[in-house]
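# Examining the three-dimensional arrangement
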Amino acid sequence: MSEGEAAAMSIRENFAELFKSTAKTTDGDPFAVELPCQCSPEWPGLETTANGHMFPAQPSSHYSVLSNPEIGPFVARCTGCQARYPYPWVIPQGTPMPFDWARETPPTA
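A quick note: this is a predicted structure, and the numbers were derived from the prediction, not measured. (Residues numbered from 1 in each chain as written. Predicted model: local features only at pLDDT ≥ 70, side-chain atom pairs only at ≥ 80, totals over all residues. Heavy atoms only, no water.)

## Describing the sheet that holds strand β4 (residues 89-90)
Ordered in space as β3-β1-β2-β4, the four strands form an open sheet in which the pairing is antiparallel. With partners counted over all chains shown, the strands left at the sheet margins are β3 (76-78) and β4, one partner each. With five bridges connecting them, strand β1 (residues 46-50) and strand β2 (residues 53-59) associate as antiparallel partners. Each bridged residue has a counterpart across the sheet, and for A50 the counterpart in β2 is H53. (Pairing = 2+ DSSP bridges. Helix = DSSP H or I, 4+ residues; strand = E, 2+ residues; numbered from the N terminus.)

Here it is, written out as structure tokens:
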């Protein structure tokens, strides 16, 4: 394994540990369905999740570090039929990020 491949694997493992519930619902079901979009028009909107917090997503000419399937565990889905979006996407710039999404349990006093 090359140094670059090892670094990418390490990043993926860290993201997978930090964002354990990004590709599954709270019931353990897949967040997105592996089917073509059934909506008309296709892809009326996109959404993603990070540990139970929903965020908007948008088509892009490129992936971000988090949305790149070779590195991160994030997936985007159609807001209508919940089909998995198979193309590059990003979380829109300026989307507020809650800071509690990175903690499994809040700190105790």
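## Examining the side chain of E47
Here E47 is to be found in strand β1. Residues within four places of E47 in sequence aside, it is in contact with F31, M54, F55, P56, A57, V75, A76, R77, C78 and T79. (Contact = heavy atoms within 4.5 Å.)

## Things to note about the packing of aromatic side chains
For the structure on display, the rule yields two aromatic pairs. For the ring pair W43 and Y85, a centre distance of 4.9 Å and an interplane angle of 90° mean the geometry is edge-to-face. Here Y85 lies in the loop between β3 and β4 and W43 lies in the loop between α1 (3-18) and β1, a separation of 42 residues in the sequence. Classification of Y85 by relative accessible area gives buried; the value is 10%. Taking the centre distance of 5.4 Å and the plane angle of 75° together, the rings of Y85 and Y87 count as edge-to-face. Chaining the aromatic ring pairs together yields one cluster made of W43, Y85 and Y87. (Phe/Tyr/Trp six-rings, centres within 6.5 Å; stacked < 30°, edge-to-face > 60°. Buried < 20%, exposed > 50% of the residue type's maximum accessible area, 1.4 Å probe, protein only.)

## Here's the deal with the pattern of salt bridges
When the charged atoms of two side chains with opposite charge come close together, those side chains can pair. Across all of its chains, the model carries two salt bridges by this definition. The shortest N-O distance in the salt bridge between E34 and R84 comes to 3.1 Å. Placement of E34 in the loop between α1 and β1 and of R84 in the loop between β3 and β4 is noted, with a sequence separation of 50 residues between them. Here E34 falls in the exposed class, since its relative accessible area comes to 59%. Across the salt bridge formed by R77 and E47, the nearest N and O atoms sit 2.7 Å from each other. One end of the pair, R77, is in strand β3; the other, E47, is in strand β1, with 30 residues separating them in the sequence. Residue class for E47 comes out buried when judged on its relative accessible area of 18%. (Salt bridge = Lys/Arg side-chain N within 4 Å of Asp/Glu carboxyl O.)

## What to know about the pairing of β1
Most of β1 is tucked away: five of the five residues are buried. Of the two faces of β1, the one carrying L46, T48 and A50 and the one carrying E47 and T49 are both buried. Sheet topology places β1 next to β3; three bridges connect them, and they run antiparallel. Bridging across to β3, E47 finds its partner in R77.

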